[in-house]
Amino acid sequence: MNNAQSHCSCCQQDGMEPFAELDQAIDLYRDKEGNLIQILHIAQELYGHLSLELQEYIATALNKPLSEVSGVVTFYSFFSTTPRGEHTIRVCLGTACYVRGGKKIVDALQKTLGVDIGGTTEDGKFTFEVARCIGACGLAPAMMIDDVVYKQVNINKLDAILSQY
Ligand code: FES
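Below is a summary of the structure that appears in this document. (Residues numbered from 1 in each chain as written. Predicted model: local features only at pLDDT ≥ 70, side-chain atom pairs only at ≥ 80, totals over all residues.)

1. Description of the overall build of the protein
Argument step 1. Across its full length, the protein carries 8 helices and 4 strands.
Argument step 2. In sequence order, the protein lays out its α and β elements as α-α-α-α-α-α-β-α-β-β-β-α. (Helix = DSSP H or I, 4+ residues; strand = E, 2+ residues; numbered from the N terminus.)

2. Looking at the sheet that holds strand 2 (residues 126–131)
Each strand in a sheet pairs with its neighbour through backbone hydrogen bonds, running either in the same direction (parallel) or in the opposite one (antiparallel).
Argument step 1. The sheet built from 4 strands is open, its strands ordered 2-1-3-4 with mixed pairing. Of all strands in the sheet, those bounded by a partner on one side alone are strand 2 and strand 4 (148–150). Across this sheet, the average inter-strand angle for adjacent strands is 20°, counted without regard to direction.
Argument step 2. Pairing between strand 3 (residues 143–145) and strand 4: 3 bridges, direction antiparallel. Residue pairing across strands places Ile145 opposite Val148, the latter belonging to strand 4. (Pairing = 2+ DSSP bridges. Axes fitted to C-alpha atoms, helices over the stretch in contact; angles between N-to-C directions.)

3. Some thoughts on unusual backbone geometry
Argument step 1. The amide bond that connects Ala140 to the next residue, Pro141, takes the cis arrangement and shows omega of -5°.
Argument step 2. In this fold, Pro141 is placed in the loop between strand 2 and strand 3.
Argument step 3. Positive phi is not limited to glycine here, since Gln152 has a value of about 45°.
Argument step 4. Its place among the elements puts Gln152 in the loop between strand 4 and helix 8 (158–163).
Argument step 5. Looking at Gln152, the number of C-beta atoms within 10 Å reads 13, which means it is partly exposed. (Buried ≥ 20, exposed ≤ 12 C-beta atoms within 10 Å, placed from the backbone.)

4. Quick notes on the packing of helix 5 (residues 52–62) against helix 6 (residues 66–75)
Argument step 1. With their axes 8 Å apart at the nearest point, helix 5 and helix 6 run at an angle of 125° to one another. The angle between helix 5 and helix 6 falls in the class oblique. By crossing handedness, the relation of helix 5 to helix 6 is classed as right-handed. Taking contact as the criterion, the partners of Gln55, Glu56, Ile58 and Ala59 in helix 5 are, on helix 6, Leu66, Val69, Ser70 and Val73. (Parallel < 35°, antiparallel > 145°, perpendicular 65-115°, else oblique. Left-handed = near helix turned anticlockwise from the far one by under 90°. Contact = placed C-beta atoms within 7 Å.)

5. Side note on the pairing of strand 2
Argument step 1. In this sheet, strand 2 lies alongside strand 1 (residues 87–92) in parallel orientation, the contact comprising 6 bridges. Along strand 2, the bridge assignment pairs Cys92 with Ala131.
Argument step 2. What joins strand 1 to strand 2 is helix 7 (residues 95–113), and the crossover it makes is right-handed. (Right-handed = clockwise from strand over helix to strand, strands pointing away.)

6. Examining the nonpolar core
Argument step 1. The biggest cluster of nonpolar side chains holds 18 residues, and the ones touching the most others in it are Ile89, Val91, Ile105, Leu109, Ala142 and Met143.
Argument step 2. Elements represented by at least two residues in this core include exactly strand 1, helix 7 and strand 2.
Argument step 3. The leading source of residues in this core is helix 7, at 5 residues.
Argument step 4. Setting aside anything within four residues of it in sequence, one finds Ala142 in contact with Cys92, Cys97, Ile134, Ala136, Val149, Tyr150, Lys151 and Val153. (Core = buried A, V, L, I, M, F, W, Y, C linked by C-beta atoms within 7 Å.)

Shown next as structure tokens:
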């Protein structure tokens, strides 16, 4: 299958390359060291996640094997191959948070959101993840939503926190 065939029909209709916005970044970083990670970051920012189709596009553009691109994508946890939610929830399960109830928060959120760790809610609002210390150990247990840190969280506060989003 060639590239044009593998792209979605909506993009073919208007004759646009579906990942054309990425070409500028590819041209900019093509000859730079560590370019693959830079380009993957930009691609994820532009398209929300790194689909196989997008990985193929980048591999072809950089003249690299797909296995190399996929290897980098799967190695780093900040890259995602599935669509992410509008907001990312990260509950800390580092030692301090774990012993002060972090696991209870994880369990409660799994139930409320209806997703497992790593999942995205059906309405696309939240992606739910865990972290290994977010620098708020003194006020554990802690969690983050996007860049906002919530300290001394307990399960009774969760509804109020989520309702802000
Ligand atoms: S262990 Fe949770 S913030 Fe450090």
